[in-house]
Each structure stands twice: as structure tokens, then as C-alpha cells.
Amino acid sequence: MTPDKAGRGVHDQQWKETKVSCLLTMSSSPSDEDPHPELPSCFANKKYVERLVGELRSVRSETQESLENSESLPEIEEILDQMLESENLSDQKRARPAWRPKRLMRTCIASMVSSDQFGPLVAGEAQRRGFYDAQRRAFLGDGLGWNWTLHKTYFSDFVPIVDFVHPLSYIYQAAQVIAPGNPWSFYLKATTDCWQGRVLDLLKRLRAWQAAHPTTPDETLPDHDPRKIVQMAVTYLTNNQKRMDYPAYRKEGLPVSTSMVESLIKEINYRVKGTEKFWNRPEGAEAILQVRTAALRDDDRLSEWILNRPGSYHYRRTTAVPESLAAAG
């Protein structure tokens, strides 16, 4: 939360979102067959899905612009940390599935600058990490348009992947409209189609419903109108269809979830956001973001900088004369 202008007191406060990028080196093994063709059990658990969709809807309702055009970066927090962790839904935690990519090294970038300014920062860190020389490269994001502008500009040869959870929320809401008598059955079929790469089949069913419930060209639909709900799902899936070939991604050993960056956002927000916390000087928040991300990197870059910077007040350099030189004198 920042004020409209810097100065004493809090006046005309407004929320400002950070841009966050998580750069991960991961290990995985490609396979000839889809290593997990079945829909994870967490997405077939009704209580879990209702909680997940409720969180996504609350985030979406807080933004004033559409998900496709907004500069905001939503936080799903710990709910996406559980992505694909279907085993954690039971009381007894089981072993993590072996097919999932494993994290080796994480660094991150965070800033309050615009997306146009943020792109070069992410590309510079990717260059430093040697990402452009990797044999397999992936760029994951949600439905926000600026994410894919960044991909096109700086990471065009990376495989673009839409986080699986975000289309799931559109499907769930569309199911309430299209099959009011048994929405859960429609949801399970549609979500399985997406998981198994049959997005086009789902779009055909949604468009068939639209054909039976047409709108006039000059008609403006309110958000609660069933036709608007289905229209939003069709728009989202159409715009992202080419980034939803999940069986191919799993065969390549690539991740299909942005839960890694969502959990990182929570770690960053512990420092810069909070109830009754206001940044009277937004440039101060920007400085703290840089320190916070440096502390969260796996490469210990912050400690190295502190210990090696010239004139450090926190590192006492020895002035003792070596014994061998003293003896020679």
C-alpha cells in the first residue's frame, strides 16, 4: 500500500503490485510416454477444488482490469504450493511422485517497475544464469497478457506453458452454468480433457452452448450473466490453447504449474505487505524488494556482496603482519 504522493501521513492510498520472476534450474528426465496421464486426485477432490476456485475468484475480483490486460500479478499463496501434491490431501503424507521436476537452484527478481522495464531485468538474470544455453527451457505464466509479451520479447525459444490451475477455475465456473443439474461431472470431464491435452474438445462443447444461448452484437453482459461466464472461459481457453499441451510438457520433463513463483511471492510479501503497513516512500519499498530477493536466492549472492564490498562496516579486514615477514624484519 502506497500513498498517492510521498510525504507525512497516508493520503489517497492505493495498492501497487510487485512484478516477480522465479528463475529455476531443475532436474528431470524426458520420457517417450506421458508419465502422469491421469488427472491428479487433488483436482478430483470437491472440497479442495472449491477452496482453490474461491481463492482464485477473490484474487480476480480485487483487480480492476481483466486478467488478460492487467499489470497486476495475482497471488494464490500456499494454495498453489499444493499443486499436484494430491498425496498431501490425506492425513498420511506419501512420497513425492518421481516424475516431477526437482529444484536445484533458485534465483529471483522483484520490482515495482512497469512490465516494459521488468523484462530486461529478468532477461539479464537469465543470461547470468546461463538459461539461454540450457538444453530444455520453459517459460511459465498465468493468463496475464504482459507475461506473454515478455516471453515473446526475451524468451521466444522457451516453451510457453500456462499454469494448469488458472484455466481450471474458468472451467469450474462454466460448469455451474452449462450443467446446473450435475456441474461436478461436467467439471471432471472438462478438467481431464485439459490435463490430457484435449482443449479443443472442451472448446467445442462450450461454443455449442454459446450457439444455443446467443447474444446480440451490441449487448453488454454483466459479470453474473451465465453467457458472460461461459464467454470468459472460451476467451481464456482460446487465447491460451497453444500453451496448454500438458502431455507434451510432461513427456519433456517440464513443469506445468507456477506454484514455485506463487510461493516465492508469499515469501517476498512477508516483508513488503501487511495490515496497516504503508510505504510513504515507494522507492524505499523498491530497495527492500532488492534486498529481499537477494536473501531468497540459493546462490548466497547477498552474503558474498556484503563480505566483499569495498569499505564494508560489517567486515573487519585483518591488519596483522604475517609471522614470516615479522621475523625477516
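The shown structure was predicted, so the numbers you read here are calculated from the model rather than taken from an experiment.

Asks: Please clarify how the overall build of the protein should be interpreted in this entry.
Replies: Secondary structure assignment for the protein yields 13 helices and four strands. Considering the protein as a whole, with its 329 residues, one finds that 43% of them fall into the buried category. When contacts within the protein are restricted to residue pairs at least 6 apart in sequence, long-range pairs at least 24 apart make up 71% of them. Accessible surface, the protein: about 18300 Å² in total, of which carbon and sulfur atoms supply 50%.

Asks: What is the right way to read the pattern of salt bridges from this model?
Replies: Close approach of charged atoms lets side chains of opposite charge pair. One pass over the full model with this rule turns up 13 salt bridges. The salt bridge involving Lys228 is made with Asp223; its shortest N-O contact spans 3.1 Å. Classification of Asp223 as exposed rests on a relative accessible area of 59%. Beyond isolated ion pairs, a larger network of salt bridges with shared partners links Lys189, Asp193, Arg198 and Arg205.

Asks: Even after reading the chapter, I still don't get the packing of aromatic side chains, so can you show me in this structure?
Replies: By convention here, two paired aromatic rings are described through the distance between centres and the angle between planes. Taken as a whole and judged by the stated rule, the model has 14 aromatic pairs. Ring geometry for Phe139 against Phe155: centres 5.5 Å apart, planes inclined by 35°, an arrangement best described as tilted. Of this pair, Phe139 sits in strand β3 (residues 138-141) while Phe155 sits in the loop between α4 (145-154) and β4 (159-162); the two residues are 16 residues apart in sequence, bridging distant segments of the chain. Take Phe139: its relative accessible area is 12%, and that puts it in the buried class. Residue classification places Phe155 among the buried positions, given a relative accessible area of 3%.

Asks: Explain the nonpolar core here, please?
Replies: Within soluble globular proteins, side chains that are nonpolar tend to cluster in buried spots. Counting residues in each nonpolar core, the largest one holds 56 residues, and the members touching the most others are Phe43, Tyr187 and Leu206. Here this core takes eight residues from helix α5 (residues 165-178), the largest share from any one element. Every residue in contact with Tyr187, bar those within four places of it in the chain, is listed here: Phe43, Val49, Leu168, Ile171, Tyr172 and Ala175.

Asks: How should I be thinking about unusual backbone geometry in this particular structure?
Replies: Note on backbone geometry: most residues besides glycine have negative phi, and most peptide bonds are trans. Its identity is not glycine, yet Asp300 carries a phi of approximately 55°, on the positive side. You can call Asp300 partly exposed: its relative accessible area is 45%.

Asks: It is not clear to me how the confidence of the model for the protein should be interpreted in this structure. Could you clarify?
Replies: In regions of low pLDDT, the predicted coordinates are not meant to be interpreted in detail. Looking at the protein, pLDDT values average 83 and 80% of them are 70 or higher. The low-confidence segment residues 62-93 (pLDDT under 50) makes 98 contacts with residues lying over four places distant or belonging to another chain.

Asks: So what exactly am I meant to see when it comes to helix α6 (residues 183-195) here?
Replies: The periodicity of an α-helix, 3.6 residues per turn, causes residues three or four positions apart to be oriented the same way. The end-to-end C-alpha separation of α6 is 18 Å, in line with the 18 Å expected for 13 residues at 1.5 Å each. Within α6, the full set of buried residues consists of Pro183, Trp184, Phe186, Tyr187, Ala190, Thr191, Asp193, Cys194 and Trp195. After α6 finishes, the residue Gly197 shows a positive phi value of roughly 85°.

Asks: Please explain the pairing of β4 as it appears in this structure.
Replies: For a regular strand, side-chain orientation follows a simple rule: the groups alternate between the two sheet faces. In the sheet, β3 pairs with β4 via four bridges, with the strands oriented parallel. Counted as the bridge partner of Leu140 is Ile161 from β4. Crossover β3 to β4 through α4 is right-handed.

The rules behind these values
- Residues numbered from 1 in each chain as written.
- Predicted model: local features only at pLDDT ≥ 70, side-chain atom pairs only at ≥ 80, totals over all residues.
- Heavy atoms only, no water.
- Helix = DSSP H or I, 4+ residues; strand = E, 2+ residues; numbered from the N terminus.
- Buried < 20%, exposed > 50% of the residue type's maximum accessible area, 1.4 Å probe, protein only.
- Contact = heavy atoms within 4.5 Å.
- Areas by Shrake-Rupley, 256 points an atom, 1.4 Å probe, with all protein chains shown as cover.
- Salt bridge = Lys/Arg side-chain N within 4 Å of Asp/Glu carboxyl O.
- Phe/Tyr/Trp six-rings, centres within 6.5 Å; stacked < 30°, edge-to-face > 60°.
- Core = buried A, V, L, I, M, F, W, Y, C linked by side-chain atoms within 4.5 Å.
- pLDDT = per-residue confidence, 0-100.
- Expected span 1.5 Å × (residues − 1).
- Pairing = 2+ DSSP bridges.
- Right-handed = clockwise from strand over helix to strand, strands pointing away.

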